[in-house]
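Structural overview
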Amino acid sequence: METTDVVIIGAGVLGCAVARELSRYRLSVTVLERAHDVGEGSSKANSGVLHAGFHPRGGSLKGRSCVEGNALMRTLVRELQVPFVESGGLMVAFHDDGVEKLRKKASQGRQNGVTDLSLVDGDAARVLEPRLSSKVIAALVAPTTAVVTPFHLVLAMAQNAAVNGVRFRFSAQVERVEGNADTGLGSALLPAGHRYLLHLTDGSRLAARFVANMAGDDAQRLDSLVHPADYEIQPRLGEFLVFDKQDPADAVTHVIYQAEETDEGGTLLAPTVEGNLLAGPTARNVSGFDVTASSADGLEHVRRVALKLIPDLDVSTVIANFAGVRANITNVAKEQKDFVVRASAEGFVSALGIKNPGLTASPALALLAIDELRKQGLRLELDPAFDPVRPAHVPFLKRPAADQERLLQEDPTHGHVICRCEGVTEGDVRAVLRESLPPHTIDGVKKRLRTGMGRCQGAFCTPRLVATMAALLDVPETAIVSGERGGHYVTRMAK
Amino acid sequence: MAEAARQTSGGLRLAASGGLGPAGEPFDLIVVGGGPAGLAAAVAALESGLTRVLLLEREDFLGGVLPQCVHDGFGLHLHGVSYTGPEYAQLWRERAEALGAVAVTGTTVLAIAGPREDRLLVVEAVGTRLGGRATLLSRSVVVATGCRERTRGQLGVPGTRPAGVLTAGTAQYMVNVKNQLPGDKVVVLGSGDIGLIMARRFKLEGADVRLVLGEEATGLLRNHIRCVRDFDIPIRYGWGVAYIHGYGRLKGVTVAPMDSSGGFDMTRRVYVRCNVLLIATGLIPEREILAGCSAGPSEGLFVCGNASSPHDLVDQVTQESLAAGRRAAEMVCAAAGTQPQSLSEQTLSLLEMTVTEPKGRADAGMPAGFEWAADAIVCTACPTGCIMRVDERGRVSGNACKLGRQFARAESSNPVRLFTGTVRVEGADARLLPVKTTAEVPRAKLMDVARACRRIHVQAPVALGQVVRTDIAGTGADLVATQTIGSALGLSGSGF
């Protein structure tokens, strides 16, 4: 039987943060991910904002972990070479009661440990963000608000963990969990010292000393296998609009929140690391975690809020819309609601109801989860061979001339542009297919290289990418699929 | 052109030349884009006497979008012949080659900057055949980069994001160049020419084209009849796609009539099952490479063809681009204190022709629910495109001349059509060879000819006009190649 010290269920931002942190120690760690790639759930469809920490209730785990995570992120993005922009954030008010809310947020922020918040008037806010609506009368300025490319963050943590010995298993869905006598679940099959036996849907089994249940939308189900069910978690969908790359001369550069709409931070505007502008999300309860469809009303709402904040925004430059689903705890009163990271059973830690600011909080929540496991007896002995640095793939066109010359000698396909909106060459595609944790789908390549994310939305690159991937993977073009849920681009050869 | 040809296919190593052209001089003209616009601009500039002219093309072949436009209807105004796209491309490619044009394919221009203090423009390009990345210097630049298509994201259609939602031009490239069929149950959003032409292409490839939706009744009337009515494809004007269904793969679309405010009347919505949604809702000139460039015509920078604005007819693109190439040459010569050579008579006569908007164009703003009169006949005897009717006693109305009357009578008794399509080609980089029938075939036989084409494999090399099959599907007409395809690299060896 396959055994491991720690099994992490879920390769989203939190699972990968735990994996990367545990890879510092002399431990055998296995990540089980039901999808074919890392970061396939809530971690891939969000704003990419690293919040400062003034949104959550003062002193809550959400608030503390957000502030701590925001600070930890700076080391993380440096070591892992993840694109990151210190944009700063503005929460703006249009009315007096909004100003009152800003004061409340400022006080909450201070309770959570944000030390550098300041309240300014509308004119001062417009100095920071010149296109901000003339109707804004005050703003809370948060210098530590930042933006990151969420998928690159998740991938970088996973790749670094993998290099340091963590094993990743994909298409690995945990069906049920048995425990030894200590856990009260009483399975006699387990090797000594191993508390849990995980049964996967493919029929394989894995024995683990410790379990970190970081499974996002599946975490509640897994938790209920070892702990009396207590939290109800429902899917809540958020819709986003993606604007084309901004003109640097008059780009919106801050993350902009509005005080009058505070549910989960409400609909915001966020520049992206790559120069686009995002608007969203909405908050709408949906019937399943796999319901990631945008609605006309939702997109209209986002459009309206975006224009309220920046009235001269050109909505005809929207190039795409998308929707993501987050895990929302529904049986706890709003003022009591918080992230849950707990030892649900002996040696079994669960993270429940992690939604925004979960991306920001992930490094802090990972430390907390690991500390829970330590309390349960996990021995953390530093591995001197741990290498904290992950070299990022630098696209060919962003490299210095000397590099380009050398790469072209090695592989002339570096000169062949596949995606012209985002400047990706065939050599880049080859490179990511050779990396650790390589992509298998068009979306997988897209997440790593941005092929198809530009203004032509894949019109140019998709057929070329299908042909290139099929050739590199040595499969027919009809075998190449869009993403996790299938979707062939070519149903058959025409003749 | 032979010497230059051999040089470029082996790689010009321009990357190592310090950005200069032959003899260590800057280029006279760099043409960005090797489609009909770029080729015409290069022809005019070369005829005007410029010698250091470089054409850069991102595809592995010249012709731009034309090689994927295997249908006919190109050049009717300028040449008096209804060429297919590949034929029109080859015509202009050969004219450029004959004048000694140097083209580097597989090369993407990243940016254009300048003018510098020495008045030179800077072209930043990358490509394998260019020898890597190069910063090229030129006295003038013609931007002939064409258009890109509006996408589903720009339309803001809500719903899911499955595979199977693609722009019509992408589908055309897949089906006609890559031999990739993206699905077999098709809805087309947009009744412009590209949407209508792709509806017919899918039908001829054996797909079920379920519906064409036109916000407005746009597109040439000729295409409404030959692409949609000929094949009994349902079409609805004033309707659009309100929602996209299906994860992974497209499952269907909700369609609904548009209301006056640009929204949908969802009380009348209809669900249509399909696995392909073609977005054919307009073209956007592609000029992003000029983002950091302040130059204009007086600094030697010209924009022509669809990159300046979308044109209905390639004839217009050719004319405009010949003029742009000429102006670039005049600029360069004036700066050098010389006179440009005069253009060839052929080019001069093309520039002088008047290209009129065809009559058979549907007016914008047709009311919702509008249908074309079932008995309307669009004359294709000349580019005017008269809309005619034949009554029960055989009397023709709406025609402007005798040719029209003859055309209308034939159309009402035994309608015939030119067939255009593709067949497999082996022994070349290209996957498909575009073909057409040597004569018009009975309309009722079009599907038979298309089916026969699916069983034909041709061995490269093939020359334009070469007979691929005699008496195709018993029509009496022969099937001929509409493009030269060499056995070497690229389509028709067009890496020069």
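Residues numbered from 1 in each chain as written. Chains lettered and ligands numbered in written order. Predicted model: local features only at pLDDT ≥ 70, side-chain atom pairs only at ≥ 80, totals over all residues. Heavy atoms only, no water.

This brings us to the overall build of chain B. When you go through chain B residue by residue, the secondary structure sums to twelve helices and 31 strands. Here the contacts in chain B between residues at least 6 apart in sequence split such that 65% fall between residues at least 24 apart. Here chain B displays about 18,500 Å² of accessible surface, and carbon together with sulfur accounts for 50% of that area. (Helix = DSSP H or I, 4+ residues; strand = E, 2+ residues; numbered from the N terminus. Contact = heavy atoms within 4.5 Å. Areas by Shrake-Rupley, 256 points an atom, 1.4 Å probe, with all protein chains shown as cover.)

We now examine the overall build of chain A. For chain A, the helix and strand inventory stands at twelve helices and 25 strands. The globule rule puts the C-alpha radius of gyration for 495 residues at 23 Å, and the 23 Å found for chain A is close to it. In terms of its C-alpha atoms, chain A occupies a principal-axis envelope of roughly 70 × 60 × 45 Å. A total of 495 residues make up chain A; the buried ones form 61% of that total. Excluding contacts between residues fewer than 6 apart, the proportion of contacts in chain A whose partners are at least 24 apart in sequence is 73%. Surface accessibility of chain A: about 18,400 Å² in total, with carbon and sulfur atoms responsible for 51%. Of the side chains in chain A, 55 bear a positive and 59 a negative charge, and the two mean positions are spaced by 1 Å. (Rg over C-alpha atoms; globule rule 2.2 N^0.38 Å. Buried < 20%, exposed > 50% of the residue type's maximum accessible area, 1.4 Å probe, protein only. Lys, Arg positive; Asp, Glu negative; His and termini not counted. Charge placed at Lys NZ, Arg CZ, Asp CG, Glu CD.)

Residues and elements named next belong to chain B. Taken together, the three strands give an open sheet; going across it, the order is β22-β23-β24, and neighbouring strands pair in antiparallel fashion. A single partner strand is all that each edge strand has here, and the edge strands are β22 (377–378) and β24 (396–397). Where β22 lies against strand β23 (residues 387–390), two bridges are found, and the strand directions are antiparallel. In the sheet register, Val-378 faces β23, and the bridge partner there is Ile-387. (Pairing = 2+ DSSP bridges.)

On to the side chain of Thr425(A), then. Residues and elements named next belong to chain A. Mapping Thr-425 onto the fold places it in strand β22 (residues 424–425). Classification of Thr-425 by relative accessible area gives buried; the value is 0%. Residues contacting Thr-425, with those up to four places away along its chain left out, are Phe-396, Leu-397, Thr-413, His-414, His-416, Val-417 and Ile-418.

Both trends apply: most residues other than glycine have a negative phi, and most peptide bonds are in trans. Following Asn356(A), the chain continues to Pro357(A) via a peptide bond in cis, the omega torsion being 5 degrees. On the secondary structure map, Pro357(A) appears in the loop between β20 (348–352) and α8 (358–375). The step from Ala460(B) to Pro461(B) runs through a cis peptide bond, and the omega angle for that step is 0 degrees. Relative to the helices and strands, Pro461(B) resides in the loop between β29 (457–459) and β30 (467–469). Phi is positive for Ser171(A), which is not a glycine, with a value near 50 degrees. Along the chain, Ser171(A) falls in the loop between β9 (167–169) and β10 (174–179). A relative accessible area of 37% places Ser171(A) in the partly exposed class.

Here we take up the sheet that holds strand β26 (residues 420–426) of chain B. Residues and elements named next belong to chain B. Strands sit in the order β29-β26-β27-β31-β30 across an open sheet of five strands; the sheet is mixed. Among the strands making up the open sheet, the edge pair consists of β29 and β30. Recorded for the sheet is a direction-independent mean angle of 45 degrees between the axes of neighbouring strands. (Axes fitted to C-alpha atoms, helices over the stretch in contact; angles between N-to-C directions.)

Looking now at the domain arrangement of chain B. Residue and element names in this part refer to chain B. When the domains of chain B are assigned, the result is domain 1 (6–146 + 286–352), domain 2 (150–281) and domain 3 (420–481). A C-alpha centroid distance of 34 Å is found between domain 1 and domain 2. Taken together, the contacts link seven residues of domain 1 with nine residues of domain 2. Of the roughly 790 Å² buried where domain 1 meets domain 2, counting both sides, 53% is carbon and sulfur surface. Of all residues in domain 1, Gln-68, Val-70 and His-71 give up the largest surface area on contact with domain 2, accounting jointly for 59% of the area buried on that side. Where domain 1 packs against domain 2, one counts zero salt bridges. (Domains from an automatic or database assignment. Buried area = accessible area lost by both parts, 1.4 Å probe. Salt bridge = Lys/Arg side-chain N within 4 Å of Asp/Glu carboxyl O.)

Residues and elements named next belong to chain B. Among the structural elements, Ser-308 can be located in the loop between β21 (301–303) and α9 (314–336). You can call Ser-308 partly exposed: its relative accessible area is 25%. Along the backbone, Ser-308 and Ile-284 are 24 residues apart, and their C-alpha atoms lie at a distance of 9.5 Å. Excluding anything up to four places from it in sequence, Ser-308 contacts Pro-285, Arg-287, Val-303 and Glu-320. Only 2.9 Å separates the side chain of Ser-308 from the backbone oxygen of Gly-305, close enough to count as a polar contact. (Polar contact = N/O pair within 3.5 Å; in protein donor to acceptor, adjacent residues only side chain to side chain.)

What follows deals with the interface of chain A and chain B. Contacts between the two partners involve 47 residues from chain A, matched on the other side by 49 residues from chain B. Approximately 3,900 Å² of surface area, both sides summed, lies buried where chain A meets chain B, with 51% of it carried by carbon and sulfur atoms. The three residues of chain A that bury the most area against chain B are Arg420(A), Arg455(A) and Lys495(A), which together make up 19% of that side's buried surface. For the pair chain A and chain B, the interface holds five salt bridges.

Residue and element names in this part refer to chain B. Taking 1.5 Å per residue, twelve residues should reach 16 Å; helix α11 (residues 402–413) reaches 17 Å between its end C-alpha atoms and fits that length. Of all the positions in α11, only Gly-404, Phe-407, Ala-408 and Glu-411 are classed as buried. In an axial view of α11, the angular spread of the buried residues amounts to 100 degrees, which keeps them on one side of the axis. Facing away from the buried side of α11 by over 90 degrees, the exposed positions are Lys-402 and Ser-413. Buried residues belonging to α11 abut α8 (221–228), β22, β23, β24 and β25 (416–417). (Expected span 1.5 Å × (residues − 1). Arc of directions from axis to C-beta.)

All names here are of chain A. Per the counting criterion, the structure on display carries 61 salt bridges over all chains. The shortest N-O distance in the salt bridge between Arg-374 and Asp-371 comes to 2.8 Å. One end of the pair, Arg-374, and the other, Asp-371, are both in helix α8, three residues apart, so they sit about a helical turn from each other. The class of Asp-371 is partly exposed, set by a relative accessible area of 28%.

A word on the environment of Ser350(A). Residues and elements named next belong to chain A. Tracing the chain through its elements places Ser-350 in strand β20. When its relative accessible area of 0% is taken as the criterion, Ser-350 is described as buried. Considering only alpha carbons, one finds Ser-350 and Gly-216, 134 residues apart in sequence, at a separation of 9.7 Å.

Below, the discussion takes up the pairing of strand β8 (residues 132–138) of chain B. Residue and element names in this part refer to chain B. Across the seven residues of β8, five count as buried, placing the element largely inside the fold. Across seven bridges, the pairing between strand β7 (residues 121–127) and β8 is antiparallel. Counterpart to Glu-124 in the pairing with β8 is Thr-135. The hairpin formed by β7 and β8 contains four residues between the paired strands, and Gly-131 there has a positive phi angle of roughly 85 degrees.

All names here are of chain B. In strand β2 (residues 53–56), alternate side chains face the same way, and those of Val-53 and Leu-55 on one face and Leu-54 and Leu-56 on the other are all buried. Here strand β1 (residues 29–32) pairs with β2 via four bridges, running parallel. Pairing of Val-31 across the sheet is with Leu-55, part of β2. Assessed by its sense of winding, the connection that carries the chain from β1 through helix α2 (residues 36–47) to β2 is right-handed. (Right-handed = clockwise from strand over helix to strand, strands pointing away.)

Moving on, we get to the packing of aromatic side chains. Taken as a whole, this structure holds six aromatic pairs over all chains when the rule is applied. Taking 6.2 Å as the distance between ring centres and 20 degrees as the angle between the ring planes, the aromatic pair formed by Phe168(A) and Phe170(A) counts as stacked. Classification of Phe170(A) as partly exposed rests on a relative accessible area of 25%. Ring centres of Phe240(A) and Phe322(A) lie 4.8 Å apart, and the angle between their planes is 15 degrees; this geometry places the pair in the stacked category. You can see Phe240(A) sitting in strand β13 (residues 233–243) and its partner Phe322(A) sitting in strand β18 (residues 318–329), a full 82 residues away along the chain. Over the face of the ring belonging to Tyr173(B) we find Arg464(A), whose NZ or CZ atom lies 4.2 Å from the ring centre. One residue, Arg485(A), lies across the ring of Tyr247(B), its end atom 3.7 Å from the ring centre. (Phe/Tyr/Trp six-rings, centres within 6.5 Å; stacked < 30°, edge-to-face > 60°. Lys NZ or Arg CZ within 6 Å of the ring centre and 35° of its normal.)

On to the confidence of the model for chain B. Residue and element names in this part refer to chain B. Per-residue confidence for chain B averages 88 on the pLDDT scale, and 89% of its residues sit at or above 70. Scored below 50 in pLDDT, residues 1–11 shows 17 contacts in the model against residues more than four places distant or in partner chains. In the predicted complex, the global pTM is 0.92; the interface-specific ipTM is 0.93. (pLDDT = per-residue confidence, 0-100.)

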